[in-house]
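# Structure assessment
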Amino acid sequence: VQPMHGEHGRVLLRFSLDPQLHSLPLGRGQEYVLSPRFIDPNSRTLADRLQQDARATTHEDASATRPLSVRLMREHPATFRVTAPAPPDAASAAFDEQLRSLFPLTPSQEELFCLSRQNAVQCVNGPPGSGKTYFSAALICRLLVRALLVPGAVQRVLVTAFTHAAIDNLLNKVAELLGGRAVLAFAAEAAIELPVPRKFQRDDSKEFTVGCEVQHTDAGRYYVEEIRENGFLIRPVGGGGEQVVGASEIRRWRAFSLLSTDKKQQQRLEDELRRRVLLLGCTCYQTPKVRESLAAKFDFLLVDEASQMLLTHLSMSLPLLQDLRPPV
């Protein structure tokens, strides 16, 4: 793209099209979004996703009926208001008070939680260590547990990110909060079954890298310090002596469950996605595979480390969302 300064303070862009895009109709007065990206094996999938949304949209369409990816390109997120949840009755207010006690937030985080329930799109940012992961996990826990307390309520939450590490970190935090002593006692008293966070990816439980966390056959958790010819040097997470173990003695540690991408496990995936209360994590590139298996859409989408993701990548996850509406 070559910028050329034009008249009246305008900047003209002269650019050349990829041969595969010569059929793209360019016209005066049309709106286009230029997004920097690199070419990789997923580029065609990204382009196809955007073209599907573009074909489903006309200039005459009302804003609320346009695909979410198109709205994000054309509108400011502040316009994505949805009807605020109705004032809670006495029972709902009691539920909310219990959830605030089980999954406490700071005043500013509490304000963000309320905004997340009122706005169709809500951005959360902050420096490292400011509590973004905890807030995200607590938000998810509140949504899931509250749905379990409301008879017949449906709450399916999708967590996506550019990297597996980001998703793993958040799902592990959710599992940690749901496994708290007070939460388990509350679930037993309320006679509800807490959901198990799940992630859609191939099984790599026997693949190890330096620094990854593993579980030993003694049920202890360790870090992999070195990879040696005769095995793996591991160190206890809580500190202690190192030891060398074989691959058969350890597996990757996760507090969540994997849903295999293997087609042989297709039925299990479909069964899991039919749950009325569900938390599923997958990278943006895996969402098309989830779409193929999904019997019902998700009610809440959380994008972790969103600053690393282009809108084109996010567009692959957006079709998995229900209509824009507040959570239960």
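The structure reproduced in this document is the subject of the present report. These numbers were taken from a predicted model, which means no experiment stands behind them.

## Details of the overall build of the protein
Helices and strands together make up the secondary structure of the protein, namely 10 helices and 12 strands. Going through the 328 residues of the protein one by one, you find that 40% of them count as buried. For the protein, restricting intrachain contacts to residue pairs at least 6 apart in sequence, the fraction spanning at least 24 positions comes to 65%. Accessible area for the protein stands at about 18,800 Å²; split by element, carbon and sulfur atoms hold 52% of it.

## Observations concerning the sheet that holds strand E4 (residues 198-200)
Taken in spatial order, the 5 strands line up as E10-E4-E11-E3-E12 in an open sheet, and their pairing is parallel. What marks the edges here is a single partner per strand, and that holds for strand E10 (257-259) and strand E12 (300-303). If you compare each strand with its neighbour and ignore which way they point, the axes differ by 25° on average. Note that E4 and E10 share 3 bridges and pair parallel.

## Some details on the state of the cysteines
A complete count under the given rule lists 0 disulfides for this structure. Its sulfur unpaired, Cys 282 is 8.6 Å from the next cysteine sulfur, which belongs to Cys 284. The class for Cys 282 is buried, based on a relative accessible area of 0%.

## A few points about the nonpolar core
Counting 39 residues, the largest nonpolar core has Phe 103, Ile 140, Val 145, Val 174, Ile 192 and Leu 279 as its most contacted members. If you list the elements that add at least two residues to this core, you get helix H3 (90-102), helix H5 (132-149), strand E3 (155-160), helix H6 (164-178), helix H7 (181-190), strand E11 (277-281) and E12. Apart from the residues lying within four places of it in its own chain, the contact partners of Ile 140 are Val 157, Val 159, Leu 170, Val 174, Leu 279 and Leu 302. Phe 200, Phe 298, Met 309 and Leu 320 belong to the second-largest nonpolar core, a separate cluster that totals 16 residues.

## Observations concerning H3
Along its 13 residues, H3 runs 19 Å from first to last C-alpha, staying within 8% of the 18 Å computed at 1.5 Å per residue. For H3, every residue scored as buried is listed here: Ser 92, Asp 96, Leu 99 and Leu 102. Projected down its long axis, H3 carries its buried residues within an arc of 125°, all on one side. Across H3 from its buried face, at more than 90 degrees, point the exposed residues Ala 90 and Ser 101. On its buried face, H3 sits against H5 and H7.

## Quick notes on the pairing of strand E6 (residues 221-228)
As paired strands, strand E5 (residues 213-216) and E6 are joined by 3 bridges and run antiparallel to one another. Residue pairing across strands places Glu 213 opposite Tyr 223, the latter belonging to E6. Here E6 pairs with strand E7 (residues 231-236) via 6 bridges, running antiparallel. Its bridge partner lying in E7, Glu 226 is registered against Leu 233.

## What about the sheet that holds E6?
Overall, antiparallel pairing links the 5 strands, which are arranged E8-E7-E6-E5-E9 in an open sheet. Each of the sheet's edge strands pairs with one partner strand only, and the pair in question is strand E8 (243-245) and strand E9 (250-252). Along the sheet, successive strands turn relative to each other by an average axial angle of 50°, direction set aside.

## Some words on the environment of Leu 184
Mapped onto the elements, Leu 184 comes out in helix H7. It is 8.2 Å that separates the C-alpha atoms of Leu 184 and Leu 194, two residues lying 10 residues apart in sequence. For Leu 184, the residues in contact, after removing those within four places along its chain, are Leu 178, Gly 179 and Leu 194.

Rules of the game
Residues numbered from 1 in each chain as written. Predicted model: local features only at pLDDT ≥ 70, side-chain atom pairs only at ≥ 80, totals over all residues. Heavy atoms only, no water. Helix = DSSP H or I, 4+ residues; strand = E, 2+ residues; numbered from the N terminus. Buried < 20%, exposed > 50% of the residue type's maximum accessible area, 1.4 Å probe, protein only. Contact = heavy atoms within 4.5 Å. Areas by Shrake-Rupley, 256 points an atom, 1.4 Å probe, with all protein chains shown as cover. Pairing = 2+ DSSP bridges. Axes fitted to C-alpha atoms, helices over the stretch in contact; angles between N-to-C directions. Disulfide = S-S within 2.5 Å. Core = buried A, V, L, I, M, F, W, Y, C linked by side-chain atoms within 4.5 Å. Expected span 1.5 Å × (residues − 1). Arc of directions from axis to C-beta.

Geometry only, nothing functional implied.
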